[in-house]
Protein chains: 2
Amino acid sequence: MNGKTLAGGVIVVGTGLLGTSVGLALRRAGVDVTLLDRDPAALAEAVRLGAGRRHEPHALPAALAVVAVPPTATGSTVAAVLDDRLAEYATDVASVKALPAGEVRALAAEPGRYVGGHPMAGREVSGPRAGLVDLFDGRPWVLCPEDHTDPQAVTRALEVARLAGAVPVTMSPADHDAAVALVSHAPHLVAALVAGRFVEPPDHELRLAGPGVSDVTRVAAADPGMWSEILAANAGAVAQVLSALRADLDQALDALRGGPGDTDGGKTALAELLSRGSAGRRRLPGKHGAPATVYVTVAVIVDDRPGQLARLFADVGRAGVNVEDVRIEHRPGQPVGVVELDVQPGAERALGEALLAAGWTMHGPALPSS
Amino acid sequence: MNGKTLAGGVIVVGTGLLGTSVGLALRRAGVDVTLLDRDPAALAEAVRLGAGRRHEPHALPAALAVVAVPPTATGSTVAAVLDDRLAEYATDVASVKALPAGEVRALAAEPGRYVGGHPMAGREVSGPRAGLVDLFDGRPWVLCPEDHTDPQAVTRALEVARLAGAVPVTMSPADHDAAVALVSHAPHLVAALVAGRFVEPPDHELRLAGPGVSDVTRVAAADPGMWSEILAANAGAVAQVLSALRADLDQALDALRGGPGDTDGGKTALAELLSRGSAGRRRLPGKHGAPATVYVTVAVIVDDRPGQLARLFADVGRAGVNVEDVRIEHRPGQPVGVVELDVQPGAERALGEALLAAGWTMHGPALPSS
């Protein structure tokens, strides 16, 4: 299709991180993009970055509007954009879908001209300067057509998702909201609650923290203002996941406290909960959208100074082995670290031998004998 | 001291991952180590790996016994080792401390000859072959002396911790158990509960999962059998953290569901919970035991094939910039990835310029202008 359905151009309303990134990606694909933002500074910056040209009053309607404003402002903005005929059709990029869909139905004269959208991409930073031309490359981009949605709206929004390099996925607004509540919003909130427990305890308790809890709470570092807005806009679906989790937590508490019929200190009940977690974890998508693969880890000891990683990866490259993932673990109080290289099962032997030959010290047992 | 207090040798009781690693580390330091395990195969393997020599019946008592058996068997094993005079003093490596301490007080004729210990190190794998000579290098090793503990027991256990390369930390058994419940056991259990929610939903919901939830649930992949034993052995302290979390969860649910006086859809209450999480997260120790540092991320686009990481790190090395951490993000469905390099604030400009000059494509906005 090569953007033919977007021949009338795209207007991006809201030139923050997502709006600017959409503009940059569509410009890269040769689409005519106009930009609108009530903040003149943000608009000027997006224009300067090459995300599109300034929208001119009384211009002909664009083929599609992409509304990229905060979730709670999305529905009313879409309705205004459609009713004012800034574009023939409209989509959005808000991280919740039922809320704006309901508002558009209530507010717009022709709600069928709108289809909800949500590119599954973002960054911890915001504003037009954080915009990236490749922000959506390879990421899922959810579209939420409903019974009353005009097929032209879907066709044009699909075209935007494809031209932006994303992988389009369609589902209902309710399914979308339930999915992101499950795999993003509720886990984020729970991680923040776990981290919130670290505010009061004395330092010596926190000194024992290792890499595990650091992973569990990493997302808690994100912007509380943006996330409280997202959670509030998807409150129903998030509350549903959290209620289920609360019941699981009660089961865990029962197991820990012992109860009638408990003969093993809750061990069996706890093992069942943990096994369920292990099974659930295996269902998360891995690299390249495929089911999570089990890699083999080759661990190497490195000095903590410039050039060591370079030398290591040069030697890894010469071994001809593809590294799937890398982690660096630092040891408290010591100027050395361990670099863990994940490789496809079977590749660890060749890699280990090559690195030993190159003078590296492996962190782990001797290589399995053949 | 150089192991002088251990001149009578150390007996390691239990030659799994931890016992074998203790033996390997003490042998490296020149200490005479004897090994004991009721599983003849595990014992033979540990001897073969060089963790020590076989304990001989009727040998003179060792200077110290290091008991490395499962948490629930630790107290009775320590008492037997002391009463049978296999060693003058004893310590252990169990990940809980109040349970074995109480059992030793109840069972041993002279409980003062025991001091509890817990090296904060481990692996996802087990058995003597998983043992590592440097498993404890730079890690905290907690010792839990009590009022009745003989100072000689503490001196000798401290010597083991130091010779194994660890950083000794002392606290009471109760403080230890509260600390590991807070920073390890409860977060582990909660991560497993979050992941347990992924067992039932349809595939399309899980397809939307991204790197955030993958971090939150990473630890849920660990062995449920071992972890149910740890949690059961520290049930009281874990239940206390979980109860507090349950109250936090209820606050979050109240905020999501709205209530009397709620005029903003719970946004303010949610923002407060999230801000608390962000503050707690900042208290976790970072690299080298120092407070967590905020690094600046330089993101580079790489092809997903052998040699690319080598070339990248060679160029990073030539830039003379020390990389603090590395993450590789894969894009679903695409043969490219993004390598995120964390560097000290101020170093990102030099690194970015060097990599641009070397022909790399940066993933992110243009470098900040000076």
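Quantities reported herein were computed from a predicted structural model and do not represent experimental measurements.

(A) Just the overall build of chain A, in detail. In terms of helices and strands, chain A carries 13 helices and 12 strands. Within chain A, the proportion of its 370 residues that are buried is 55%. Relative to all contacts within chain A whose residues are 6 or more apart in sequence, the contacts with residues 24 or more apart total 69%. Of the accessible surface of chain A, which amounts to about 14700 Å², a share of 54% is contributed by carbon and sulfur atoms.

(B) The arrangement of the interface of chain A and chain B in detail. At the interface, 127 residues of chain A touch 129 residues of chain B. Of the roughly 11600 Å² buried where chain A meets chain B, counting both sides, 64% is carbon and sulfur surface. Linking chain A with chain B are 12 salt bridges. Of the charged contacts, one joins Arg-276 of chain B and Glu-200 of chain A as a salt bridge, the two residues approaching to 3.8 Å between their closest N and O atoms. Of the residues contributing to the side of chain A that touches chain B, the split by class is 69 nonpolar, 29 polar and 29 charged.

(C) Quick peek at the pattern of salt bridges. Counted under the stated rule, the structure contains 36 salt bridges over all chains. Note that Glu-88 of chain A is salt-bridged to Arg-156 of chain A, the shortest N-O span being 2.5 Å. One end of the pair, Glu-88 of chain A, is in strand E5 (residues 87-92); the other, Arg-156 of chain A, is in helix H5 (residues 151-163), and 68 residues separate them in sequence. You can call Glu-88 of chain A partly exposed: its relative accessible area is 31%. Take Arg-156 of chain A: its relative accessible area is 12%, and that puts it in the buried class. Note that Arg-246 of chain A and Asp-250 of chain B form a salt bridge whose closest N and O atoms lie 2.3 Å from each other. A residue pair is termed interchain when its members come from two chains, as with Arg-246 of chain A in helix H10 (residues 235-257) and Asp-250 of chain B in helix H10 (residues 235-257). Residue Arg-246 of chain A is classed as partly exposed on the basis of its relative accessible area, which comes to 23%. For Asp-250 of chain B, a relative accessible area of 21% puts it in the partly exposed group. By sharing partners, the salt bridges in this structure join Asp-215 and Arg-218 of chain A together with Asp-215 and Arg-218 of chain B into a single network.

(D) Main features of the confidence of the model for chain A. All names here are of chain A. With 88% of its residues at a pLDDT of at least 70, chain A reaches an overall mean of 88. Throughout residues 287-292 the model reports pLDDT below 50, and contacts reaching past four residues in sequence, or to other chains, amount to 19 contacts. pLDDT under 50 marks residues 365-370. Its contacts with residues more than four places away, or in other chains, come to 12 contacts. In the predicted complex, the global pTM is 0.75; the interface-specific ipTM is 0.75.

(E) Molecular detail of the nonpolar core. Leu-242 of chain A together with Leu-242 of chain B are the most contacted members of the largest nonpolar core, which has 88 residues in total. Beyond its immediate sequence surroundings of up to four residues, Leu-242 of chain A is in contact with Ala-186, Leu-189 and Val-190 of chain A together with Leu-249, Ala-252, Leu-253 and Leu-256 of chain B.

(F) Region of the structure containing helix H2 (residues 40-49) of chain B. Residues and elements named next belong to chain B. Within the sequence span of H2, burial applies to Ala-42, Leu-43, Glu-45 and Ala-46. All buried residues of H2 lie within an arc of 165 degrees about the axis, which places them on one face of the element. In H2, the exposed residues that point more than 90 degrees away from the buried face are Pro-40, Ala-41 and Arg-48. Where H2 is buried, its residues contact helix H1 (17-28), strand E2 (33-36) and strand E3 (53-54). The first or second residue beyond H2 is Gly-50, which carries a positive phi of 90 degrees.

Basis of the calculations
Residues numbered from 1 in each chain as written. Chains lettered and ligands numbered in written order. Predicted model: local features only at pLDDT ≥ 70, side-chain atom pairs only at ≥ 80, totals over all residues. Heavy atoms only, no water. Helix = DSSP H or I, 4+ residues; strand = E, 2+ residues; numbered from the N terminus. Buried < 20%, exposed > 50% of the residue type's maximum accessible area, 1.4 Å probe, protein only. Contact = heavy atoms within 4.5 Å. Areas by Shrake-Rupley, 256 points an atom, 1.4 Å probe, with all protein chains shown as cover. Buried area = accessible area lost by both parts, 1.4 Å probe. Salt bridge = Lys/Arg side-chain N within 4 Å of Asp/Glu carboxyl O. Nonpolar A, V, L, I, M, F, W, Y, C, P; charged D, E, K, R; others polar. pLDDT = per-residue confidence, 0-100. Core = buried A, V, L, I, M, F, W, Y, C linked by side-chain atoms within 4.5 Å. Arc of directions from axis to C-beta.

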